[in-house]
Amino acid sequence: MNNYQIGQQVIHCRDGLAVVVGSTNMADKDYYIVKTVRGSGENIYVPVERADQIIRFLMNKKEADELVNYIKSIPLEFNPNTKQRRDGIKKRLLSGDIKDAAYLFKQLFFFKTSNDGSIKYGALDIDMLSFASNNLLDEFAITYGKDRDQIEEFIFDKLKYFF
């Protein structure tokens, strides 16, 4: 089990970038208190005993480079069945797995840069893919030490040789 420290940035499996702001004990259970960075900035109570299933450390630069290379190998897929497609996106979005986030990022990247009109995402699809992509880009920005408004171009430059 990992030991998270107060002030440490982490990734929350559902809410993305967060900061550990404290810990507490309620009803004889220990909790980390994490505050989300995006959205409302709400506090989330994460049971210490299950923390590794809910939050994770940010990737380091080596892991980020490996993830960028992994993104290059992700197949471009589009399921025309709306329900199956959305269920698949939701499953990956909620898994907390960085490779699932990378998969969703790649699908949105391909849609934005190479769509010939054959891929028809709905507004909900775009929202979910964008949410995953933004969370991943937030993490890349911290890992690579780039401003958030520069990181998308930085990552796209790393990926452009694939397309």
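The structure this text deals with has already been given above.
Predicted model only: the values in this text are computed from it and were never measured.

Explain the packing of aromatic side chains here, please?
The relation between two aromatic rings is expressed through the spacing of the ring centres and the mutual angle of the planes. Across all of its chains, the model carries nine aromatic pairs by this definition. Note on F78 and Y121: the rings are 5.3 Å apart at their centroids and 75 degrees apart in plane angle, and the pair reads as edge-to-face. Of this pair, F78 sits in the loop between α2 (61–73) and α3 (82–95) while Y121 is found in the loop between α4 (98–114) and α5 (123–144), placing the two residues 43 residues apart along the sequence. Given the relative accessible area of 13%, Y121 is considered buried. Ring geometry for F105 against F109: centres 6.3 Å apart, planes inclined by 10 degrees, an arrangement best described as stacked. Here the residue F105 and the residue F109 both occupy positions in helix α4, the gap between them amounting to four residues, near one helical turn. Assigned by exposure class, F105 and F109 land together as buried. Each member of the aromatic cluster is reached from another via a ring pair, and the members are Y4, Y32 and F57. Here R92 stacks its cationic end above the ring of Y103, 3.6 Å away from the centre of that ring. Here the basic side chain of K99 rests over the ring of Y70, its NZ or CZ set 4.8 Å away from the ring centre.

For this particular structure, what's the right way to read the packing of α3 against α5?
In a packed pair of helices, the relevant descriptors are the angle between the two axes and the axis-to-axis distance. Where α3 meets α5, the axes come as close as 10 Å, and the angle between the chain directions of the two elements is 20 degrees. The pairing of α3 with α5 is recorded here as roughly parallel in orientation. For the pair α3 and α5, the crossing hand works out as left-handed. The residues of α5 that touch α3, namely those facing R85, R86, I89, K90 and L93, are L124, D125, M128, L129, F131 and A132.

Rules used throughout
Residues numbered from 1 in each chain as written. Predicted model: local features only at pLDDT ≥ 70, side-chain atom pairs only at ≥ 80, totals over all residues. Heavy atoms only, no water. Phe/Tyr/Trp six-rings, centres within 6.5 Å; stacked < 30°, edge-to-face > 60°. Helix = DSSP H or I, 4+ residues; strand = E, 2+ residues; numbered from the N terminus. Buried < 20%, exposed > 50% of the residue type's maximum accessible area, 1.4 Å probe, protein only. Lys NZ or Arg CZ within 6 Å of the ring centre and 35° of its normal. Axes fitted to C-alpha atoms, helices over the stretch in contact; angles between N-to-C directions. Parallel < 35°, antiparallel > 145°, perpendicular 65-115°, else oblique. Left-handed = near helix turned anticlockwise from the far one by under 90°. Contact = heavy atoms within 4.5 Å.

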